Amino acid sequence: MTRSRSDTPLLDEVLAQHRKETGMALAALARGSLLARAQECAAWLGFTYGEVTSDMVAARMQSLGLDYSALGNASGSVFRGNFVWTGRMVASIRPSTHARMIKVWRLKEVLDA
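Residues numbered from 1 in each chain as written. Predicted model: local features only at pLDDT ≥ 70, side-chain atom pairs only at ≥ 80, totals over all residues. Heavy atoms only, no water.

### Comments concerning the pattern of salt bridges
Applying the stated criterion across every chain yields a total of four salt bridges. One salt bridge connects arginine 37 with glutamate 40, and the closest N-O pair in it is separated by 3.5 Å. Taken together, the positions of arginine 37 and glutamate 40, both in helix α2 (residues 32–49) and three residues apart, correspond to about one turn of that helix. By relative accessible area, glutamate 40 is classed as partly exposed at 49%. A single salt-bridge network, built from bridges that share partners, covers Glu51, Arg88 and Arg106. (Salt bridge = Lys/Arg side-chain N within 4 Å of Asp/Glu carboxyl O. Helix = DSSP H or I, 4+ residues; strand = E, 2+ residues; numbered from the N terminus. Buried < 20%, exposed > 50% of the residue type's maximum accessible area, 1.4 Å probe, protein only.)

The structure is reproduced here in structure tokens:
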């Protein structure tokens, strides 16, 4: 196994996934109430339009006087739990994202209906 200077494996899928999950949990804790509002917005959008992206959540939050960018790393938890990835990606239209590709999500309940 390839090792880095700190003697931590350079490539370790299990450790990488563990660190991802830990980081997401810590970020979600730090931004709990704002994350809950973002998740409410995502659920409303998913129910209303069928599919939802982080751009749509950011726009909805802005219309409610909330700042999506204040979520920081907790934004990675907006679609956890109640959503399933559609397998599609689109280019973000928020200038701050530099047109990076973002996932298109669907509510699990809508998918099951």
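### A short note on the sheet that holds strand β1 (residues 51–52)
Here three strands make up an open sheet; going across it, the order is β1-β3-β2 and the pairing antiparallel. The open sheet has two edge strands, β1 and β2 (83–91), and neither has a second partner. Pairing of β2 with strand β3 (residues 101–107) involves six bridges; the strand directions are antiparallel. Along β3, the bridge assignment pairs phenylalanine 83 with leucine 107. (Pairing = 2+ DSSP bridges.)

### A short note on the side chain of serine 92
Here serine 92 is to be found in the loop between β2 and β3. Residues in contact with serine 92, not counting those within four places in the same chain, are Asp55, Thr97, Ala99, Arg100 and Ile102. (Contact = heavy atoms within 4.5 Å.)

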